[in-house]
Number of protein chains: 2
Amino acid sequence: MTVYNFSAGPAILPKEVLQKAQEEMLNYHGSELSVMEMSHRSSLYDGIIKEAESRLRQLMDIPDNYHVLFLQGGASLQFSMIPLNLARGKKALYVNTGAWAKKAIQAAQAIEDVEVEVIASSADQNFNYVPKITPDMVDQDAAYLHITTNETIGGIAFQEIPDAGKVPIVADMSSNILSNDYKVTDFGIIYAGAQKNIGPSGLTVVIIRDDLLNDEPIFAPMLDFRIQAENDSMYNTPATYAIYISKLVFEWLENLGGVSAVLAANKEKAQLLYDAIDASSVFSSPIAKEDRSINNIPFVTGNDEWDKEFNKFAQDNGMLNLKGHRSVGGMRASLYNAFPKEGVEALITLMHQFEEEKAGK
Amino acid sequence: MTVYNFSAGPAILPKEVLQKAQEEMLNYHGSELSVMEMSHRSSLYDGIIKEAESRLRQLMDIPDNYHVLFLQGGASLQFSMIPLNLARGKKALYVNTGAWAKKAIQAAQAIEDVEVEVIASSADQNFNYVPKITPDMVDQDAAYLHITTNETIGGIAFQEIPDAGKVPIVADMSSNILSNDYKVTDFGIIYAGAQKNIGPSGLTVVIIRDDLLNDEPIFAPMLDFRIQAENDSMYNTPATYAIYISKLVFEWLENLGGVSAVLAANKEKAQLLYDAIDASSVFSSPIAKEDRSINNIPFVTGNDEWDKEFNKFAQDNGMLNLKGHRSVGGMRASLYNAFPKEGVEALITLMHQFEEEKAGK
């Protein structure tokens, strides 16, 4: 049975990347070393991390006045690091678009001397749309405006980045980095846990504009953006193997034609599934059409028993991790860069079978 | 040419572990998934992290009243997390045994409301010995006494753990965890970056006694020991693949006969090298005999040119990463659990050749 992995993260990786990693596992480029065994200060490893950075810069068109940091702790640690570095004694603005935005907001609120203001929220409609942000809503004295470009659980995405005037936009891009054509220059900081479109978990990519590096040192060096930037992500030992796998993913993406090519493919996959959902007599999407994510697609039957039944039916037919997040229920198809179109087609076939079975019931 | 990897970390891993990882890279136990692609919430992955924990508990004889946490950020993040969780508004005691102890001390000092007291130091002799700690030196109102059981750069190790009365001992055990027979019950907290005796970098193991979990929440959930413990290291996505590799290393160590067997082998390897150094007319160890590390063995010729020459000679003969840390100079042989005895013998042969060449000069 062919298996399709719909996991929201850690998620499917390109087969070619895994094959390359397999080949090189015990002997990277004739060194007789695994990348896992390399000193992070060795010239051999230096080549790997530098190449990872330059490929990411190329793929995302990152200008020279942005640092690229390879950190640890996931987006969850960034939820605290960002206000600690940028907003102590200041106001920080947030848009509440769902589960992950809320986590970012709560983490900022837990810091005593940060004044958190939620300037817009879609809580009134159970986070099924992206609230409009207009320039007049953005206090120009704020340290930043935080958005979650794609809500992994809720399934909404910003199609356009708001105009925040001179206030830098800080974005949690964990679930749609490298899967959209956002412009880096529209952001002050972009951060992303690697485990969706980049590589293995345990790596966090932070892209930060020069002028946003903290002036005052943070009380914990590992949390200090300036220290991390000045040490080229080597203040301590970084997640060396995860960075290597990411380098392979960046190569794969380049060979595929870069972000514009993968975006076109992702749109096609998502459209197939949304069309099937919208045409269905059984399944439906809770998300406003214009705000739908192409990466995380939740859908429901509206009947808990049927959801359960369909999840089991799908699992029995090789669809792994399709079950919706426990906070939402139903189903969720996470269609990241490496997810094949055939997997979407196979899912749609199962949906049709299920519909026929339920027809008239 | 046979290559021997003397790296201080990330360091050599057992060949059997790398082979197993290679085999399973695209298909873990028939799942058709790489471990890197598994949802950390899947039952398949749950089996992996649970097994990693239970094997580590067995190997180190960790009692039930200790939590085992798989975190991120390395020992360097622990340098801040530990005082933040345990010592705010209190006194924290430190022993200064060299480069890594100093980093831990500086990180604690950077936190405003922690009173740091260095109760002993070997700075007077360039950190070439372990200062004696007697119970009367330990303020019984302190939050903890911090030691670095093995100084990776300096090459000293605690042969016995001090008696600190009722004050819990907190230990950075990064470079000799699973390579000694310390008793877990002698410590309140043990922490270690994985990249020496455990697995890939990007994973930090923390072993913490129940009663030391913080009562008050920390302002950053990712830094909060209680939150991490209550979520079984899954407050957010952990470094799943690094945990998997560690599980394989734990299995390998069990098959080898556990910690006592590897300790005996490590002692033998270290003794071979120390004997060669002590008998040499060219090389010498700067470290007091009774405090020498069996894991990190620095040695020098006392002549910068000769050091350089020997490092080049060694490298040309397949000895990788033998060069001493930039702050110490000379050479450093890191002999972790996976380092083969043949590599030590090969190094000694080169040392003898070098000595003969230099004889009489």
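For clarity, every value in this text was computed on a predicted model and none was experimentally measured.

Criteria and cut-off values
- Residues numbered from 1 in each chain as written.
- Chains lettered and ligands numbered in written order.
- Predicted model: local features only at pLDDT ≥ 70, side-chain atom pairs only at ≥ 80, totals over all residues.
- Heavy atoms only, no water.
- Domains from an automatic or database assignment.
- Buried area = accessible area lost by both parts, 1.4 Å probe.
- Polar contact = N/O pair within 3.5 Å; in protein donor to acceptor, adjacent residues only side chain to side chain.
- Helix = DSSP H or I, 4+ residues; strand = E, 2+ residues; numbered from the N terminus.
- Nonpolar A, V, L, I, M, F, W, Y, C, P; charged D, E, K, R; others polar.
- UniProt positions renumbered as here; feature names shortened; annotations may be inferred.
- Buried < 20%, exposed > 50% of the residue type's maximum accessible area, 1.4 Å probe, protein only.
- Contact = heavy atoms within 4.5 Å.
- Pairing = 2+ DSSP bridges.
- Axes fitted to C-alpha atoms, helices over the stretch in contact; angles between N-to-C directions.
- Phe/Tyr/Trp six-rings, centres within 6.5 Å; stacked < 30°, edge-to-face > 60°.
- Lys NZ or Arg CZ within 6 Å of the ring centre and 35° of its normal.

Overview of the domain arrangement of chain A
Residues and elements named next belong to chain A.
Phase 1: Taken domain by domain, chain A consists of domain 1 (15–256) and domain 2 (258–358).
Phase 2: Computed over C-alpha atoms, the centres of domain 1 and domain 2 are 27 Å apart.
Phase 3: When domain 1 packs against domain 2, close to 2000 Å² is buried across both sides, 52% of that on carbon and sulfur atoms.
Phase 4: For the interface between domain 1 and domain 2, the tally reads 15 residue pairs in polar contact (both at pLDDT 80 or more).
Phase 5: Ranked by the residues each element gives to the side of domain 1 that touches domain 2, the list is headed by helix 6 (residues 240–256), at four residues.
Phase 6: When grouped by side-chain class, the residues that make up the side of domain 1 that touches domain 2 number 10 nonpolar, 11 polar and five charged.

Digging into the UniProt feature "binding site: L-glutamate" (unreviewed entry) in chain A
Phase 1: Residues given the UniProt feature "binding site: L-glutamate" (unreviewed entry) here are A:Arg41.
Phase 2: Within the fold, A:Arg41 resides in the loop between helix 1 (15–24) and helix 2 (43–60).
Phase 3: A relative accessible area of 46% places A:Arg41 in the partly exposed class.
Phase 4: Setting aside chain neighbours within four positions, we find A:Arg41 in contact with A:Met234, A:Tyr235 and B:Arg326.

Some points on the sheet that holds strand 4 (residues 114–121) of chain B
Residues and elements named next belong to chain B.
Phase 1: Spatial strand order, 2-8-7-6-5-3-4: seven strands in an open sheet with mixed pairing. Of all strands in the sheet, those with a lone pairing partner are strand 2 (66–71) and strand 4, marking the two edges. Along the sheet, successive strands turn relative to each other by an average axial angle of 20°, direction set aside.
Phase 2: Note: strand 5 (residues 144–148) against strand 6 (residues 169–172), four bridges, orientation parallel. For His 146, the partnering residue across the bridge sits in strand 6 and is Val 170.
Phase 3: Helix 2 (residues 43–60) contacts strand 2, strand 7 (189–193) and strand 8 (204–209) of the sheet and is inclined by roughly 130° relative to strand 2.

Some words on the packing of aromatic side chains
Phase 1: Enumeration over the complete set of coordinates arrives at 32 aromatic pairs over all chains.
Phase 2: Their ring planes at 85° and their centres at 5.5 Å tell us that A:Phe219 and B:Phe219 sit as a pair that is edge-to-face. With A:Phe219 in the loop between strand 8 (204–209) and helix 5 (225–230) and B:Phe219 in the loop between strand 8 and helix 5 (225–230), this residue pair bridges two chains. By the burial criterion, A:Phe219 is buried, and B:Phe219 matches it.
Phase 3: Judged by centre distance (5.1 Å) and plane angle (70°), the ring pair of A:Phe310 and A:Phe354 falls under edge-to-face. A residue pair is termed long-range when its members are at least 10 positions apart, and A:Phe310 in helix 8 (residues 304–316) and A:Phe354 in helix 9 (residues 341–358) qualify at 44 residues. Across this residue pair, the class does not change: A:Phe310 and A:Phe354 are buried.
Phase 4: An aromatic cluster is present here, built from A:Tyr28, A:Tyr241, A:Tyr244, B:Tyr28, B:Tyr241 and B:Tyr244 joined pairwise through their rings.
Phase 5: Cation over ring: A:Lys103 sits above B:Tyr235, and NZ or CZ is 4.3 Å from the ring centre.

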